[in-house]
Amino acid sequence: MAHIALYRKYRPKTFSEVVGQKVVVESLKNQIAAGKIGHAFLFTGTRGTGKTSCAKIFAKAINCQHNHNGEPCLQCDVCKGIENESVYDVTEMDAASNNSVEDIRDILSEVMYLPVMAKYKVYIIDEVHMLSTAAFNALLKTLEEPPAHVVFILATTELHKVPATILSRCQRYDFNKLSIEEIGEALMYIADCEGIELSQSAARTIASLADGAMRDATSILDTCLSRGNVINDDIVADVAGISKQQEILTLADYIIKKDLPSALQEILLLEQRSVDIKRLCEELITHFRNLLLANLPKSTYQLLNVSPEKFELTKKQAETTNHAFIQTALSAFTTAFESISKGQNPKISLDIAIYTLCNTQIVPVSVVPAAQEQRPAAPVQPQQTVAPQPQQEEIIPFAQWLNTIDIVGTMDKPLYSLLKGSRAYLYNNIVYIDGHEALNNYLRGNREAATIVKQAIQQACGKMHNIGGYKNIADKFAPPKTDGLEDILSLRNSGVEVNIND
Ligand SMILES: Nc1ncnc2c1ncn2[C@@H]1O[C@H](COP(=O)(O)OP(=O)(O)OP(=O)(O)O)[C@@H](O)[C@H]1O
Ligand SMILES: [Mg+2]
Ligand SMILES: [Zn+2]
């Protein structure tokens, strides 16, 4: 037997089978039970939350010969006829593909005639916001004086595109996103019927991925079935391209230990598994939030909303870090998430957060006075090393650096924030950037970001320059180790970075 998609197989057939939407379902049932049925309904709300399903149930219920408390019996000729589409009195039209005034006139041409078999002629118009203006006007005429035996159910995901004149003629019903609990429970029920071994936690993961839409949830479950009848968190993660529990824990571990190379390697692996970086950011936010909660004295797994096993792992990890670091991490990932939402490069945004976090204890050596445009003194005599000396040329502050940073700001916000406060020097036609350790590492490891900086430099000064880390050449200008404090101070004032601990 061919596989029927789960979301079709589990389309609710009665109001009691509808998941969530209690307010809508109750008031529709009450109307039917009271026998006072309106002539125009508007079902609006997120995709895949039950609008079309409820429209069909309603069409059956108002025509059913043995209606019981507002529910259709599903057994009588009318219910069966509507279900197998042999009753002509119920018409479904998809306005997405039939949106012209002719399409509407076609169906409206017979509204005057009495129904053949049912009590009411029902017109279900899906995606009604797609109708052309002329089509809306034609529909409006009928809505203004509907024959007593006609019921319109208009459904839309985009309420704001429906003309006010139409809205004012309809009873409006809002279909809300379903909660994770509602979807999770419904998935467990489907799994039960289908003989699928679905773990509670996997059901929740699917539910949160579905973002309130039951159809999406059922589709994800369906996709997971390609991996067999036993579905756990890891399979859902694989199928949906999200990170697995263990992967998030491992990544967080590297970040807490400030092990930058391993953290980056882990992200690379996740990327190769096509994990969505924006979602990964969200998961990191949730995870660090959980670390915060796990550290509270009376914390429980219910508080974190995770399984008891995951709670234990989270709690253990929370003990390896502290409140301040978790807060820093939360704000770094939130910034990254916001940047991505605004259209910035996801990988760069997340990388910068990680670079920053892995370097949070390194205080930037801030020894150079602000005056960028001042020419520093000539470089001191080079150290007596065997390394070949660069061709002698004066090192000078790169005069267009502030402009460069501003230009980067228009191209890449996270990179901009990393560049802010840095300095740059021109030497042998190369712009040497002197900044936070995180910045240097970042530019070294990320071609895309380096290219952005080079482009900005070119825009700022009209010339192409290669870039490099100032640290790489700093020792060429550093004083001999035996130099006294005075020399060091004078060097500092000239804009050359000196690390006393060397
Ligand atoms: N509230 C719900 N209860 C149970 N199943 C639901 C619910 N909402 C959606 N579904 C599932 O999703 C499928 C699609 O639902 P339906 O067509 O009613 O959604 P819709 O709101 O009309 O979506 P769209 O806006 O995309 O037309 C159903 O067949 C069913 O499997
Ligand atoms: Mg629909
Ligand atoms: Zn019936």
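Given the structure is predicted, the values throughout are model-derived calculations rather than measurements.

About the thresholds
- Residues numbered from 1 in each chain as written.
- Chains lettered and ligands numbered in written order.
- Predicted model: local features only at pLDDT ≥ 70, side-chain atom pairs only at ≥ 80, totals over all residues.
- Heavy atoms only, no water.
- Near = heavy atom within 4 Å.
- Polar contact = N/O pair within 3.5 Å; in protein donor to acceptor, adjacent residues only side chain to side chain.
- Areas by Shrake-Rupley, 256 points an atom, 1.4 Å probe, with all protein chains shown as cover.
- Helix = DSSP H or I, 4+ residues; strand = E, 2+ residues; numbered from the N terminus.
- Nonpolar A, V, L, I, M, F, W, Y, C, P; charged D, E, K, R; others polar.
- Pairing = 2+ DSSP bridges.
- Axes fitted to C-alpha atoms, helices over the stretch in contact; angles between N-to-C directions.
- Contact = heavy atoms within 4.5 Å.
- Donors = N, O, S within 2.8 Å, 3.2 Å for Na, K, Ca; no water.
- Tetrahedral: all angles 85-135°; square planar, octahedral: opposite > 155°, others 65-115°.
- Buried < 20%, exposed > 50% of the residue type's maximum accessible area, 1.4 Å probe, protein only.
- Salt bridge = Lys/Arg side-chain N within 4 Å of Asp/Glu carboxyl O.
- Phe/Tyr/Trp six-rings, centres within 6.5 Å; stacked < 30°, edge-to-face > 60°.
- Expected span 1.5 Å × (residues − 1).
- pLDDT = per-residue confidence, 0-100.
- Core = buried A, V, L, I, M, F, W, Y, C linked by side-chain atoms within 4.5 Å.
- Domains from an automatic or database assignment.

A. Spatial organisation of the site of ligand 1. What surrounds ligand 1 is a group of 17 residues, the closest being Tyr7, Lys51, Thr52, Ser53 and Arg215. At 2.8 Å, a backbone N or O of valine 19 approaches a nitrogen atom of ligand 1. Separating an oxygen atom of ligand 1 from a side-chain N or O atom of threonine 52 is a distance of 2.7 Å. Expressed as a share of its isolated accessible area of 630 Å², the protein-covered part of ligand 1 is 94%. Residue assignment for the shell around ligand 1 shows that the elements contributing at least two residues are helix 3 (51-63) and helix 10 (214-224). With three residues, the top contributor of residues to the shell around ligand 1 is helix 3. By residue class, the composition of the shell around ligand 1 is six nonpolar, six polar and five charged.

B. Quick peek at the sheet that holds strand 5 (residues 171-175). Read from one edge of the open sheet, five strands run 2-3-4-1-5, paired in parallel fashion. Every interior strand has two partners, whereas the edge strands, strand 2 (90-94) and strand 5, have only one. Each strand axis lies, on average, 15 degrees off the axis of its neighbour in the sheet, ignoring direction. In this fold helix 2 (residues 22-34) packs onto strand 1 (40-45) and strand 5, with an angle of close to 145 degrees to the strand it touches most, strand 5.

C. Up close: the coordination of the zinc ion (ligand 3). Donor atoms from the polypeptide that coordinate the zinc ion (ligand 3) comprise Cys64 (SG), Cys73 (SG), Cys76 (SG) and Cys79 (SG), at 2.2 to 2.4 Å from the metal. With four donor atoms in place around the zinc ion (ligand 3) and angles of 98 to 125 degrees between them, the coordination shape is tetrahedral. Within one chain, the residues donating to the zinc ion (ligand 3) are spaced in sequence as C-x8-C-x2-C-x2-C. By relative accessible area, cysteine 79 is classed as buried at 1%.

D. Looking closely at unusual backbone geometry. You will see that glutamate 85, though not glycine, has its phi angle at about 65 degrees, which is positive. Phi angles above zero are rare outside glycine, and asparagine 428 is one such case at about 50 degrees. Position of asparagine 428 among the secondary structure elements: in the loop between strand 9 (423-427) and strand 10 (430-434). Classification of asparagine 428 by relative accessible area gives partly exposed; the value is 22%.

E. Here's a closer look at the pattern of salt bridges. Counted according to the given criterion, the structure contains 16 salt bridges. Close ionic contact of glutamate 247 with arginine 273 constitutes a salt bridge, the shortest N to O distance being 2.6 Å. In this pair, glutamate 247 is assigned in helix 12 (residues 245-256) and arginine 273 in the loop between helix 13 (260-272) and helix 14 (277-294), connecting sequence segments 26 residues apart. For the salt bridge of aspartate 351 with lysine 347, the shortest nitrogen-to-oxygen distance reads 3.0 Å. Placement of both aspartate 351 and lysine 347 in helix 18 (residues 346-358) is noted, with a separation of four residues, approximately one turn of the helix. Note on accessibility: aspartate 351 and lysine 347 belong to one class, buried. It is possible to trace a salt-bridge network through shared partners that takes in Arg227, Asp238, Lys244, Glu247 and Arg273.

F. Looking closely at the packing of aromatic side chains. Tallied over the full model, the rule gives 10 aromatic pairs. Pairing tyrosine 123 with phenylalanine 152 gives two aromatic rings, centres 5.3 Å apart and planes at 25 degrees, and the pair type is stacked. Highlighted residues: tyrosine 123 in strand 3 (residues 121-126) and phenylalanine 152 in strand 4 (residues 150-156), separated in sequence by 29 residues. Given the relative accessible area of 1%, tyrosine 123 is considered buried. Through pairs of rings, three or more aromatic residues link up here, namely Phe41, Phe43, Phe58, Tyr173 and Phe175.

G. The environment of valine 78, seen in detail. Its place among the elements puts valine 78 in helix 4 (residues 77-83). Each C-alpha atom, one on valine 78 and one on aspartate 89, is 9.7 Å from the other, the two residues being 11 residues apart in sequence. Excluding anything up to four places from it in sequence, valine 78 contacts Asn63, Gln65, Val87, Met117 and Ala118.

H. Structural view of the side chain of histidine 149. Structurally, histidine 149 can be placed in the loop between helix 6 (133-144) and strand 4. Assessed through its relative accessible area of 12%, histidine 149 is described here as buried.

I. The arrangement of helix 6 in detail. Counted at 1.5 Å a residue, the expected span for helix 6 with its 12 residues is 16 Å, and the 16 Å between its end C-alpha atoms agrees. Three or more residues of helix 6 are buried, namely Ala135, Phe136, Ala138, Leu139, Leu140, Thr142 and Leu143. Tucked inside the fold, the buried residues of helix 6 contact strand 1, helix 5 (101-108), strand 3, strand 4 and helix 7 (164-167).

J. Representation of the confidence of the model for the chain in the model. Mean pLDDT over the chain stands at 85; residues scoring 70 or higher make up 87%. Long-range and interchain partners of residues 362-390, a stretch whose pLDDT sits below 50, account for 49 contacts in this model, where long-range means more than four residues apart.

K. Geometry of the pairing of strand 9. Most of strand 9 is tucked away: five of the five residues are buried. Neither face of strand 9 is open: one carries Arg423, Tyr425 and Tyr427, the other Ala424 and Leu426, and all of them are buried. Note that strand 8 (residues 396-397) and strand 9 share two bridges and pair antiparallel. Of the residues in strand 9, the one forming a bridge with isoleucine 396 is leucine 426. Here strand 9 pairs with strand 10 via five bridges, running antiparallel.

L. Layout of the nonpolar core. By size, the foremost hydrophobic cluster in this structure holds 62 residues, and its most contacted members are Phe288, Phe333, Ile354, Trp401 and Leu415. Of all the elements, helix 14 adds the most residues to this core, at 10 residues. A domain-level breakdown of this core finds at least three residues from each of domain 3 (245-358) and domain 4 (396-493). For isoleucine 354, the residues in contact, after removing those within four places along its chain, are Leu251, Ile255, Leu260, Ala263, Leu264, Ile267 and Phe333.

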